[in-house]
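Residues per chain, in single letters:
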Amino acid sequence: EAKKRVVRAKERVEEMQTKLADAVRRADAAGGSSAEQSEMIAALRAEGENLARKQSTMEQSVRSAKGEARVLQEALDMEKEAREKEEVKVEALEKEVKTLKEELSSARKGESQSIKLEGELVAAKEESEKQRASNMVLEQQLKELKNE
């Protein structure tokens, strides 16, 4: 890139020298005085120097802008990569939440069934106690009847 700029600068210098030579020829053809020619040459040189400075400034601005664009692109790429990683994490967490909800629902159904079975067990124990008491009464009556 630096070589390209040097080549372009040389081309501009050659172009300005060509313009200067043309101006000198025109001045000679016009029959102007050497003072006028010197003024014209000085003016052309000053213009060439100004143009070279402007181009140099523009090239520096372009390099600076390209560098800034490169930095911004790198930052953008890093942000995209970070976002993708976070999206993967979010998806994994969403799956985990879904699984946990399903497990919770299953546990609640199991709890309901457990409560129902516990109630049935209590009722069966009470029934068993009644049967035992009834059996004991009947056995007592049977003993009494045998004893009589």
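Read on for an overview of the structure. (Residues numbered from 1 in each chain as written. Predicted model: local features only at pLDDT ≥ 70, side-chain atom pairs only at ≥ 80, totals over all residues. Heavy atoms only, no water.)

## Side note on the overall build of the chain
Argument step 1. What the chain contains, in helices and strands, is two helices and zero strands.
Argument step 2. Expected size for 148 residues packed as a compact globule is a radius of gyration near 15 Å; at 52 Å, the chain overshoots this value by more than 25%.
Argument step 3. Taken over the C-alpha atoms alone, the chain extends approximately 170 × 20 × 15 Å along its principal axes.
Argument step 4. Going through the 148 residues of the chain one by one, you find that 6% of them count as buried.
Argument step 5. Within the structure as shown, the chain displays about 13100 Å² of accessible surface, and the carbon and sulfur contribution to it stands at 55%.
Argument step 6. Charge centroids of the chain, computed over 30 positive and 33 negative side chains, lie 6 Å from each other. (Helix = DSSP H or I, 4+ residues; strand = E, 2+ residues; numbered from the N terminus. Rg over C-alpha atoms; globule rule 2.2 N^0.38 Å. Buried < 20%, exposed > 50% of the residue type's maximum accessible area, 1.4 Å probe, protein only. Areas by Shrake-Rupley, 256 points an atom, 1.4 Å probe, with all protein chains shown as cover. Lys, Arg positive; Asp, Glu negative; His and termini not counted. Charge placed at Lys NZ, Arg CZ, Asp CG, Glu CD.)

## Here's the deal with the side chain of Glu-59
Argument step 1. With respect to the helices and strands, the residue Glu-59 is situated in helix α2 (residues 34-147).
Argument step 2. Judged by relative accessible area, Glu-59 falls into the buried class, the value being 16%.
Argument step 3. In this structure, Glu-59 is in contact with Arg-5, Arg-8 and Arg-12, ignoring residues within four places of it in sequence. (Contact = heavy atoms within 4.5 Å.)

## A look at the pattern of salt bridges
Argument step 1. Under the defined criterion, the tally for this structure stands at seven salt bridges.
Argument step 2. Glu-59 is the salt-bridge partner of Arg-8, the closest N and O atoms lying 3.8 Å from each other. Separated by 51 residues along the polypeptide, Arg-8 in helix α1 (residues 2-30) and Glu-59 in helix α2 bring together distant segments of the chain. (Salt bridge = Lys/Arg side-chain N within 4 Å of Asp/Glu carboxyl O.)

## Some words on the environment of Met-58
Argument step 1. You can see Met-58 is positioned in helix α2.
Argument step 2. Relative accessible area serves as the criterion here: at 56%, Met-58 is assigned to the exposed category.
Argument step 3. Remark: the alpha-carbon pair of Met-58 and Lys-10, spanning 48 residues in sequence, is separated by 17 Å.

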